[in-house]
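Examination of the molecular architecture
Letter by letter, the chains look like this.
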Amino acid sequence: MRLSSLFTSFVYLGIASATLLNLQSSASIAKKLINGNQFDYIIVGGGTTGLTLARRLSDDPKVKVLVLEAGQSGVGNPTVTVPEKSFSFIATGIDWLYSTSPQVHANNLEINLSQGKVLGGDSAVNGLVWSRPFKTDWDDFENMGNPGWNWKNLYTAARKSEKVNIPQAQFAREYGYKVNPASHGTSGPVQASFPPFIPPQHLKFINASIELGHEFNTDPYAGDNVGVWFGLSSQTSQNSRETSEFAYFDPVLNRQNLIVCSYAFVTKLNLSDASRGLVQSTGVQIRFPDGSVVTAKPNKSGEVIMTAGSVRTPQLLELSGIGNKSILQKHKIPVKVDLPGVGENYEDHTLTILTYKLKPGYLSFDALGYNSTLAAEAPTKITFTQGVLNFAPAQSILSAADMQTAKKLLQTKPPSTPQQSFNLIKNKVFSGVPQAEYILFNSFSGGPVKEPNTSYISMAVTHLHPLSRGSIHINTTSIDDHPIINPNVLESDWDSWFLAKATAYGRKFFETEAFKEIFEPAEVFPGLQTQTQADWEDFITKNVNIGYHSVGTASLMPRNKNGVVDTNLKVYGTSNIRVADVSVMPLLVSAHTQTTAYAIAERAAQLIQSS
């Protein structure tokens, strides 16, 4: 049982004896506590980075830390704790229920962008993939004009968050698991483990990759993630999901200087003038479940730290008066800081899906609905998410003639792409940095018809460094109305051309001898009638999806390059507001964003404590 299920909240002489306050059930206690105290740090958002920061900042017993999370705890919720239930949170009470605006370059698709509305944020609902990017990706944060934000420092921060469980000898022998302890953390809060069971289709994926000429990478976490490899998952040695709530918060649940509020809906930051022409936050407005509003106040030297994510962080900044003045004036919001970069530079990984049937005798998650034996074994046998990953540079996917076409396409910068970003991404394409990820989803995940009593596998094909940029901006002055979320997918001709090429290449895995052993030859989705580049681009346009890796809307860049935060994560034009979530990432990376989120939070804690 998780520790937080054992505690209730009390206040005695203004001091909390336990740090978790549920504002639904403990509203009066929470109001007394918030009204009766001022805080050194008010953290807006109890997600992946928010709870990481809360733990690290509250290590100093002299400071008071308050965390405000709109969602509930994930304790005891199998949708959170059970790995194979990844993404089953969609359209539930722990989903923010976001979707994009119609995508004008993608057949006007409105694409789902569900995010975790729960303590732990997306670490509580994601696919558990634990991957690190190619070294160049983190170095390019520094190359965007951010001294200190490089591979060396982020790698150190990432390992501080991590505790890798060395695979048991029996699994190492059976599957060939390998881990280089020097490339990992061994005493951090977040457990990362290899799954205790890998089905044949995932093992065959390794064989198919090697058959196509991809190397097997035994140490993909030290800055070179090229090739096919066994991926760690953010799960414990007991095969339970690891989240920032469980890893960072639960162990310090009775820490008297840390208060975490669930069901705490932040609606606005109060701002006033400060010295040197800056503004400061004098409070954070919290709406309780009963509709009442209470203001949490920082002390004289206190700070407000935004960790609300790439959607809500820019939304709250704009509603508070920080953003592009033309947008704020349109909604009659007083302009406190004219900061045009807020909500801009938005991007997400784009992806497509190929679906195939497994031959009789081979099972996927689909079989849980029709195979009673597998369903009974599920607690011990179906405990993984994606056990094998393949990160491929353009040179592994494209022919020599295709590479010449790539050079021509990359001579022209798309309108939405900053020049420096364009130059860095172009360099990645031609220097061997992974551009596509291939990963198997162990179920039917795309296609028109799912047949009963049939097991499927879907391959997700992801473009890791798209050029197109979009935006996230308020649509009304109400926090209850979702902002306009426009990733602007496929604006760039390069993006649609390369994703089509990468998806067509994905079919080659299923044509290998290794995959022919276990898959039916007929492609379920999109189907073998899709053949030409024009066919694939049409398929992409009508079926593109995004990877739930939204970044960039409060970018870590110089202000004159449309940045929002400086190298200390301080919001330009403010004296006591920082952002410390993945919205500060100026570029996407060749990895799922979870490990980068933890690295950002760990580095943020170091910067804040030393400032």
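Residue positions are given per chain, counting from 1 as you read along its sequence in written order. At least 70 in pLDDT is required for a residue's local features to be given in this predicted model, at least 80 for side-chain atom pairs to be given and counted, and no such filter applies to totals for whole chains, interfaces and linings, which use all residues. Values shown for side chains rest on all heavy atoms present in the structure; no hydrogens or waters enter the calculation.

1. Focus on the overall build of the protein chain
Put simply, the rule reads: Strands here mean DSSP runs of E at least two residues long; helices mean DSSP runs of H or I at least four residues long; both are numbered from the N terminus. We take the radius of gyration over the C-alpha atoms and set the globule estimate at 2.2 Å times the residue count to the 0.38 power. For every residue, the accessible area obtained with a 1.4 Å probe (protein chains only) is divided by the maximum for its type, and the residue is called buried under 20%, exposed over 50%, and partly exposed between those limits. Residue contacts follow a heavy-atom distance rule, with two residues in contact if any of their heavy atoms lie within 4.5 Å. Using a 1.4 Å probe, the Shrake-Rupley method yields the accessible areas, and only the shown protein chains count as cover for residues. The sign given to each residue is positive for Lys and Arg and negative for Asp and Glu; His and the chain ends receive no count. Note that the charge is assigned to NZ on lysines, CZ on arginines, CG on aspartates and CD on glutamates.
If you tally the helices and strands in the protein chain, you get 18 helices and 25 strands. The C-alpha radius of gyration computed for the protein chain amounts to 24 Å, which stays within 12% of the reference 25 Å derived for 611 residues, consistent with globular compactness. Across its three principal axes, the protein chain shows a C-alpha extent of roughly 70 × 55 × 45 Å. Taking all 611 residues of the protein chain together, the buried fraction comes to 62%. Contacts in the protein chain between residues at least 24 apart in sequence constitute 74% of all its contacts with a sequence separation of at least 6. Of the roughly 21,800 Å² of accessible surface on the protein chain, 49% is carried by carbon and sulfur atoms. Charged side chains of the protein chain number 50 positive and 50 negative; the gap between the two group centres comes to 7 Å.

2. A few points about the UniProt feature "active site" (unreviewed entry) in the protein chain
Where we set the bar: UniProt positions are given in the numbering used here, feature names are shortened, and annotations may be inferred rather than shown by experiment.
When the UniProt feature table is mapped to this numbering, "active site" (unreviewed entry) covers His549 and His592. Annotated residues spanning 44 residues; largest pairwise C-alpha distance 7.0 Å, indicating a single compact cluster. The topology assignment puts His549 in the loop between strand S24 (545–546) and strand S25 (577–579). If we skip the residues at most four places from it in the chain, His549 touches Glu347, Asp348, His349, Leu588, His592 and Thr593. Tracing the backbone shows His592 in the loop between S25 and helix H18 (594–610). Discounting residues that sit within four places of it in the chain, His592 has contacts with Val129, Ser131, Glu437, Ile439 and His549.

3. Some details on the UniProt feature "binding site: FAD" (unreviewed entry) in the protein chain
Defined as follows: N or O atoms closer than or at 3.5 Å make up a polar contact, with two conditions inside protein: a donor-capable atom paired with an acceptor-capable one, and, for residues adjacent in sequence, both atoms drawn from side chains.
The positions UniProt marks with the feature "binding site: FAD" (unreviewed entry) are Thr48, Thr49, Val118, Asn126, Gly127, Leu128, Val129 and Val266. Taken along the chain, the residues just named run across 219 residues; in space they spread out, the farthest C-alpha pair reaching 29.6 Å. With respect to the helices and strands, the residue Thr48 is situated in helix H2 (residues 48–57). The residues contacting Thr48, other than those within four sequence positions of it, are Gly120, Gly121, Asp122, Ser123, Ser244, Ala597 and Tyr598. Of the polar contacts made by the side chain of Thr48, one reaches the backbone oxygen of Gly120; its length is 3.4 Å. Apart from residues no more than four positions distant in its own chain, Val118 is found in contact with Gly46, Glu69, Gly71, Gln72, Ser73, Gly74, Ile94, Ala124 and Val125.

4. Looking at the confidence of the model for the protein chain
The criterion, for reference: Note: pLDDT gives the predictor's confidence per residue, expressed from 0 to 100.
Across the protein chain, the average pLDDT comes to 93, with 95% of residues at or above 70. This stretch, residues 1–17, has a pLDDT under 50; its non-local contacts, to residues over four places away or in other chains, come to 38 contacts.

5. Here's the deal with the pattern of salt bridges
Note the following rule: Here, a salt bridge means any Lys or Arg side-chain nitrogen found within 4 Å of an Asp or Glu carboxyl oxygen.
In total, this model carries 18 salt bridges according to the counting rule given. Lys428 is paired through a salt bridge with Asp140; the nearest N and O atoms lie 2.6 Å apart. With Lys428 in helix H14 (residues 419–430) and Asp140 in helix H4 (residues 135–143), this residue pair connects regions lying 288 residues apart in the sequence. Residue classification places Lys428 among the buried positions, given a relative accessible area of 0%. Under the relative-accessibility criterion, Asp140 is labelled buried at 3%. Linking Arg287 and Asp480 is a salt bridge whose minimum nitrogen-to-oxygen distance equals 2.7 Å. Remark: Asp480 occurs in the loop between strand S21 (471–473) and strand S22 (484–486) and Arg287 occurs in strand S13 (residues 279–287); sequence separation between them is 193 residues.

6. Section: the pairing of strand S18 (residues 388–393)
Just so we agree on the cut-off: Pairs of strands are assigned from DSSP output, requiring at least two bridges between the strands.
Burial analysis of S18 places 6 of its 6 residues in the buried class, which makes it a mostly covered element. Every second residue of S18 is oriented toward a common face, with Val388, Asn390 and Ala392 on one face and Leu389, Phe391 and Pro393 on the other, all of them buried. With 4 bridges joining them, strand S9 (residues 227–230) and S18 adopt antiparallel strand pairing. Across the sheet, the residue bridging to Phe230 is Val388, located in S18. As paired elements, S18 and strand S19 (residues 434–441) share 5 bridges and run antiparallel to each other. When the sheet's bridge partners are listed, Ala392 is paired in S19 with Ala436.

7. Let's talk about H18
Just so we agree on the cut-off: What a helix should span is 1.5 Å times the count of its residues minus one.
In a regular helix each residue adds 1.5 Å, so 17 residues correspond to 24 Å; H18 covers 25 Å between its end C-alpha atoms and thus fits that length. A large share of H18 lies buried, amounting to 14 of its 17 residues.

8. What about the packing of H2 against H18?
Note the following rule: Comment: axis = line fitted to C-alpha atoms, over the contacting stretch for helices; angle = value between 0 and 180 degrees taken between N-to-C directions. In a left-handed crossing the near helix is turned counterclockwise from the far helix by less than a right angle, and in a right-handed crossing that turn is clockwise. Basically, the charged four are Asp, Glu, Lys and Arg, the nonpolar ten are Ala, Val, Leu, Ile, Met, Phe, Trp, Tyr, Cys and Pro, and anything else, Gly included, counts as polar.
Packing of H2 against H18 leaves a shortest axis separation of 9 Å and a crossing angle of 35°. Here H2 and H18 pass one another in a crossing that is right-handed. Residues Thr48, Thr49, Thr52, Leu53, Arg56 and Leu57 of H2 pack against Ala597, Tyr598, Ala601, Glu602, Ala604, Ala605, Ile608 and Gln609 of H18. Classifying every residue of the contact of H2 with H18 by side-chain character gives 8 nonpolar, 4 polar and 2 charged.

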